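What the coordinates show
Spelled out from the first residue to the last, the chains are:
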Amino acid sequence: MRKILLVAFAALLAMSCSNDDGYEEVNPQLDFKVPANFPAPAQDVALNHPTKKGFELGRKLFYDGRLSADNTISCAFCHEQGYAFTHHGHTFSHGINNLEGTRNAPTVQNMAWQSEYFYDGASNSLEMLSIVPIHNPKEMDETLEGIAAKLKQDEEYVRLFREAFDGGSVTSGNILKALGQFMTMMISANSRYDKYARNEAGGNFTAQEAQGMVLFQQKCAACHATDVFTDNTFRNNGLPPNPNLNDLGRELVTGFAKDRYKFKVPSLRNVALTAPYMHDGRFGSLESVLNFYSSGMVHSETIDPLLDNNGILGIPLSENEKQAIIAFLKTLTDEEYINNPLFYHKT
């Protein structure tokens, strides 16, 4: 494992580099690489290209409770690395004063390949998305100005911002840029499936896993598309509305009734680690998810046409097919990503 992590360290980030004259640059740009089996990024990375110091500052901010009003809730509180940066075991995320939100925390991985963020698409910018949890009164309940005021009292932060942004100061914009740079580099692309897709060593499948991949491509890949495993769209998958919440989904952002109960198609990378499932965390296992898709959907005016075959809802699956698909989904677990020391910060 140590060897794997060191290889990942060298491949993912060139934490220092030298120019043609042989001297080391103080804050070099990091080597953002598109994995060979991935599509082009949805975000323009050049607009805020990660640098060594910017990435390190973003990582420190990600783990700092001072981003919340009571200085206790960091980004990492709801996004734990060992579970692909989800809030493991929590149906809804918890924020300050142990307040409970209304949605399950999504993964933080391959963010540059997403065109919109959150289950309702409340942000379409990798740099601006952090505003949503920061301002949410049940999550961090803080303002960027409030965070900046706190961090300006910390001499180490003042120095780190100056180094990361060429003499820049602790500002709202630089806070968002640093967090964006950190998340840009959070790339998960070294699962056993990836090795299979790239014909690399370690990419062997069992017969059941191979069968599951074929079934997945036939029955699931229309929505969970490409090797990022999402088409970045919003769909109503026939999930019965939670009567205690009546979460309208995408309609809350667009205001259009046609978007009612539509939620973003999540990536399935590392999905074996990210229970519970769905936007409200109602399913505790992958078996429960597939049982729902085969026999648990309800009809509504905005249900996705792919799931409604002349009034017959769902995806027909036998028990053997369900187990094969689950076996395949487990090949999407990226041990290098969830154990990569680059994404962990010791305070």
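An account of the accompanying structure is given in this report. Here the structure is a predicted model, which is why all the values come from computation and not from measurement.

Helix and strand counts for the chain come out as 13 helices and 4 strands. Since a compact globule built from 347 residues should have a radius of gyration of about 20 Å, the 21 Å found for the chain is in line with a globular shape. In terms of principal-axis extent, the alpha carbons of the chain reach across some 65 × 45 × 30 Å. Here the chain holds 347 residues, and 54% of them are scored as buried. By sequence separation, contacts in the chain at least 24 residues apart represent 67% of the contacts at least 6 residues apart. About 16,100 Å² of surface is accessible on the chain, with carbon and sulfur atoms providing 51% of the total. Averaging the positions of the 30 positive and the 41 negative side-chain charges in the chain gives two centres separated by 2 Å.

Along an α-helix, a turn takes 3.6 residues, which lines up residues three or four apart on a common side. With 13 residues, helix 7 (residues 172-184) should cover 18 Å at 1.5 Å per step; its first-to-last C-alpha distance of 18 Å lies within 8% of that length. For helix 7, every residue scored as buried is listed here: Asn-174, Ile-175, Leu-176, Ala-178, Leu-179, Gly-180, Gln-181, Phe-182, Met-183 and Thr-184. Along its buried surface, helix 7 packs onto helix 2 (52-62), helix 4 (131-135), helix 5 (144-151) and helix 6 (155-164).

Helix packing geometry: the angle between the two helix axes and the distance between the axes. Closest axis-to-axis distance for the helix 2/helix 7 pair is 7 Å, and the angle between their directions is 100°. Looking at the two axes, helix 2 sits roughly perpendicular to helix 7. On helix 7, the residues touching Gly-54, Phe-55, Leu-57, Gly-58, Arg-59, Leu-61 and Phe-62 of helix 2 are Ile-175, Ala-178, Leu-179, Gln-181 and Phe-182. Broken down by class, the residue content of the contact of helix 2 with helix 7 amounts to 8 nonpolar, 3 polar and 1 charged.

With that settled, the discussion passes to the nonpolar core. Ranked by size, the top nonpolar core spans 50 residues in total, and within it Leu-57, Leu-61, Phe-161 and Ile-175 carry the most contacts. Elements supplying a minimum of two residues to this core: helix 2, helix 3 (75-78), helix 4, helix 5, helix 6, helix 7 and helix 13 (335-338). In terms of residues, this core owes the most to one element, helix 7, which gives 6 residues. When sequence neighbours within four positions are dropped, the list of residues in contact with Leu-61 reads Leu-67, Leu-151, Tyr-157, Phe-161, Ile-175, Ala-178 and Leu-179. Ranked by size, the runner-up nonpolar core spans 29 residues in total, among them Phe-205, Leu-239, Leu-268 and Leu-329.

Time to look at the packing of aromatic side chains. Tallied over the entire structure, the rule returns 21 aromatic pairs. On the numbers, 5.5 Å between centres and 65° between planes, the contact of Phe-62 with Tyr-63 is edge-to-face. With relative accessibility at 2%, the residue Phe-62 sits in the buried group. With a relative accessible area of 15%, Tyr-63 lands in the buried category. Relative to Phe-343, the ring of Phe-182 lies with its centre 6.2 Å away and its plane at 70°, an arrangement referred to as edge-to-face. Here Phe-182 is found in helix 7, whereas its partner Phe-343 is found in the segment after helix 13, with 161 residues between them in sequence. No difference in accessibility class separates Phe-182 from Phe-343, as the two residues are buried. Aromatic rings pair up to connect Phe-55, Phe-62, Tyr-63, Phe-85, Phe-182, Tyr-337, Phe-343 and Tyr-344 into one cluster. Between Lys-60 and the ring centre of Tyr-157, over which it is positioned, the NZ or CZ distance is 5.1 Å.

As a further point, take helix 12 (residues 319-330). Given a rise of 1.5 Å per residue, 12 residues ought to cover 16 Å, and the 17 Å separating the end C-alpha atoms of helix 12 matches this to within 8%. Along helix 12, the positions that sit buried rather than exposed are Lys-322, Ala-324, Ile-325, Ile-326, Ala-327, Phe-328 and Leu-329. Lining the buried residues of helix 12 we find helix 8 (192-197), helix 9 (207-219) and helix 11 (286-295).

Turning our attention to empty space enclosed by the protein. If you walk through the whole model with that rule in mind, you get 1 cavity of 30 Å³ or more. What lines the largest cavity is simply Leu-239, Pro-240, Pro-241, Asn-242, Leu-245, Asp-247, Tyr-261, Phe-263, His-279 and Asp-280. Along the lines of polarity and charge, the residues of the lining of the largest cavity split into 6 nonpolar, 2 polar and 2 charged.

Reading guide: rules and limits
Residues numbered from 1 in each chain as written. Predicted model: local features only at pLDDT ≥ 70, side-chain atom pairs only at ≥ 80, totals over all residues. Heavy atoms only, no water. Helix = DSSP H or I, 4+ residues; strand = E, 2+ residues; numbered from the N terminus. Rg over C-alpha atoms; globule rule 2.2 N^0.38 Å. Buried < 20%, exposed > 50% of the residue type's maximum accessible area, 1.4 Å probe, protein only. Contact = heavy atoms within 4.5 Å. Areas by Shrake-Rupley, 256 points an atom, 1.4 Å probe, with all protein chains shown as cover. Lys, Arg positive; Asp, Glu negative; His and termini not counted. Charge placed at Lys NZ, Arg CZ, Asp CG, Glu CD. Expected span 1.5 Å × (residues − 1). Axes fitted to C-alpha atoms, helices over the stretch in contact; angles between N-to-C directions. Parallel < 35°, antiparallel > 145°, perpendicular 65-115°, else oblique. Nonpolar A, V, L, I, M, F, W, Y, C, P; charged D, E, K, R; others polar. Core = buried A, V, L, I, M, F, W, Y, C linked by side-chain atoms within 4.5 Å. Phe/Tyr/Trp six-rings, centres within 6.5 Å; stacked < 30°, edge-to-face > 60°. Lys NZ or Arg CZ within 6 Å of the ring centre and 35° of its normal. 1 Å grid on protein atoms, 1.4 Å probe; cavity = no way out; pocket = protein on both sides within 12 Å on 5 of 7 lines; lining within 4 Å. Points joined across faces, edges and corners; volume = space filled by probe spheres on them.

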